[in-house]
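# Structural characterization, general
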Amino acid sequence: MSENASLQLDHSLEATWQSILDLIRENINQRSFSTWFAPVKIKQIAEDFIEVIVPNRFFCEWIDNHYSKLLQNAIAQILGDAKKVKFFVDDVKQKSDSPYSSSDWQSRSPEPAVIQNTIDLPFSTRINERYHFDNFIVGDNNNFACAAAKAVGDAPGKTNYNPLIIYGRTGLGKTHLIQAIGNRALIKKPSTKVYYASSETFTSHFINSIQQNKVAEFSAFYRSCDILLLDDIQFFSNKGKTQEEFFHTFNDLHQNGKQIVLTSDRPINELVALEERLISRFKWGLVVDIQPPDFETRLAILRKKCDESELDIPADVLEYLAVNLVDNVRELEGALTKIMAQVTFTAAEPTIDLAREIVAEIAKPDKQMLNIDTIVEYCSNIFDVSKDQIRAKSRKKNIVRARQVAMYLSKQLTKHSLVTIGLHFGGRDHSTVIHGIDAVNTQINEDHVFKKKIDSMLKHLEYNR
Ligand code: ADP
Ligand code: MG
């Protein structure tokens, strides 16, 4: 083979592997992708197997346990059929060059990660099989949204919730919930034509179809769905033509009793650049919101993830994460994944110190340490109680409030552990500190005057540190 031909071959090998990786990336979160797939290199694609190079043995086991179906499915989609995967541990690092085939995936029942439709669609349903109701933790913040989503998954197009619209800030579980609807419907009736897309995907399909003179095919495809799951409709803002196309798709599906589910990062009334006629259609159905989870729900989410990964992380480490990462489940998960990766790869102990480092990285980079005593003193002035009263055991309402706010500010503005903070407040234990911080968080959510007060206290301390 000429050098040129072999170069070309290598290039197409790389390109093929890149396409497989792209599909995987679409189906897992960014952090998992960069931890588990970005370092994997392709070695060979043969007739009935492919060989990949991984940095160490943990990769083989981890990928096999967590992502085998996803990987298999991506391979099948790109290469046209399933192939056994052989792992080579990077021998420069590991001094082992024997192929490590963790298992023969081909012999397993072919249960694809991306559930295929039975009709001949131009693309798969694009649903990620890891999003289910079983692994969605229900709390006060999302129980209504979750109940409505289940009802829709059970009887798509047959409830009054059409469209069902789920809104909430980023990282709170909208994509998980909307895809869980699709998975539930597919489990009940595998022939259901479910299609999931973000509004950006819808837009780019539409634009491509115009460029390729295939608008009729585009319309026919979207109108053939039994359930259309459209994520992040805020991206439709200011896209007049796409909105118009969506309006017609919407009407068509709705008239034919098909289910439409939408998500948005804000309430529909705040989707300012959306046409009025679309907004009024949206009001035909049910709009539900997802709020940030409370402490118990955050902890339950972390516990569930630990169970799924069969990793034992001490309770106080989980509590530390749950106390400190309050308004984005994706960040909460990301912190846990980092801890797991450290524990798995470097044999680090999953300690509070490790958790603190990771939280500091995520939540507040470069924060200079403020002194807890300074914060106590400041709160004593603002709430007009003495420093000793804040530290003592009094249950008087105004003193308790001053104490809780001081605990909250200490958490926000210092990197001290809950145990250390507790010690500065008359030797209270960390669960009392958690309770104090949660009480402040609750009032912040309910009372905007209070929220303003806390914000200005935070600013004052930040600027005067
Ligand atoms: P959004 O679409 O609202 O930005 P996602 O659905 O992508 O958020 O959620 C971010 C991550 O958090 C996902 O991995 C999701 O599985 C997880 N997650 C969010 N809420 C929950 C929950 N209540 N229970 C379990 N996992 C959750
Ligand atoms: Mg999302």
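Structure: see above.
Notes on the structure in this doc start here. (Residues numbered from 1 in each chain as written. Chains lettered and ligands numbered in written order. Predicted model: local features only at pLDDT ≥ 70, side-chain atom pairs only at ≥ 80, totals over all residues. Heavy atoms only, no water.)

## Comments concerning the sheet that holds strand β6 (residues 194-198)
On the basis of which strands lie adjacent, the open sheet formed by five strands has the order β6-β7-β8-β5-β9 and parallel pairing. Edge strands, defined here as strands with exactly one partner in the open sheet, are β6 and β9 (286-289). Averaged over neighbouring strand pairs, the angle between their axes works out to 15 degrees when direction is ignored. In terms of strand pairing, strand β5 (residues 164-167) meets β9 through four bridges, oriented parallel. Along β9, the bridge assignment pairs Ile166 with Val288. (Pairing = 2+ DSSP bridges. Helix = DSSP H or I, 4+ residues; strand = E, 2+ residues; numbered from the N terminus. Axes fitted to C-alpha atoms, helices over the stretch in contact; angles between N-to-C directions.)

## Some words on the packing of aromatic side chains
Geometry of an aromatic ring pair is reported as the spacing of the ring centres plus the angle between the planes. Taken as a whole and assessed by the stated rule, the structure comprises 16 aromatic pairs. On the numbers, 6.2 Å between centres and 25 degrees between planes, the contact of Phe33 with Phe37 is stacked. Here the two residues Phe33 and Phe37 agree in accessibility, since each one is buried. Ring geometry for Tyr195 versus Tyr222: centroids 5.5 Å apart, planes at 80 degrees, classification edge-to-face. Of the two residues, Tyr195 sits in strand β6 while Tyr222 sits in helix α8 (residues 215-223), which places them 27 residues apart along the sequence. Assigned by exposure class, Tyr195 and Tyr222 land together as buried. (Phe/Tyr/Trp six-rings, centres within 6.5 Å; stacked < 30°, edge-to-face > 60°. Buried < 20%, exposed > 50% of the residue type's maximum accessible area, 1.4 Å probe, protein only.)

## A few points about the site of ligand 1
Ligand 1 sits among 19 residues. The nearest are Gly171, Thr175, His176, Arg330 and Glu333. Notes on ligand 1: free accessible area 560 Å², of which the protein chains cover 96%. When atoms are counted within 2 Å of each cavity's grid points, the one that captures over half of ligand 1 is the largest pocket. Residue assignment for the shell around ligand 1 shows that the elements contributing at least two residues are α6 (174-188), α11 (295-309) and α13 (329-346). (Near = heavy atom within 4 Å. Areas by Shrake-Rupley, 256 points an atom, 1.4 Å probe, with all protein chains shown as cover. 1 Å grid on protein atoms, 1.4 Å probe; cavity = no way out; pocket = protein on both sides within 12 Å on 5 of 7 lines; lining within 4 Å. Sits in = over half its atoms within 2 Å of the grid points.)

## A closer look at the packing of helix α7 (residues 199-211) against helix α9 (residues 240-255)
Their axes nearest at 10 Å, the elements α7 and α9 cross at an angle of 100 degrees. By the angle between their axes, α7 is roughly perpendicular relative to α9. Residues Phe202, Thr203 and Phe206 of α7 pack against Lys241, Thr242, Glu245, Phe246 and Thr249 of α9. Of the residues belonging to the contact of α7 with α9, the class tally is three nonpolar, three polar and two charged. (Parallel < 35°, antiparallel > 145°, perpendicular 65-115°, else oblique. Contact = heavy atoms within 4.5 Å. Nonpolar A, V, L, I, M, F, W, Y, C, P; charged D, E, K, R; others polar.)

## So, the environment of Arg298
Mapped onto the secondary structure, Arg298 falls in helix α11. Looking at Arg298, the relative accessible area reads 4%, which means it is buried. As a C-alpha pair, Arg298 and Leu325 span 27 residues in sequence and 8.7 Å in three-dimensional space. Here Arg298 is in contact with Pro293, Ala322, Val323, Leu325, Val326, Leu332 and Asp438, once residues within four sequence places are set aside.

## Regarding the pattern of salt bridges
When the charged atoms of two side chains with opposite charge come close together, those side chains can pair. Throughout the structure, instances matching the rule amount to 17 salt bridges. In this structure, the salt-bridge partner of Arg266 is Asp265, at a minimum N-O distance of 2.6 Å. Given the relative accessible area of 27%, Asp265 is considered partly exposed. Salt bridges sharing partners connect three or more residues here, namely Asp154, Arg184 and Lys188. (Salt bridge = Lys/Arg side-chain N within 4 Å of Asp/Glu carboxyl O.)

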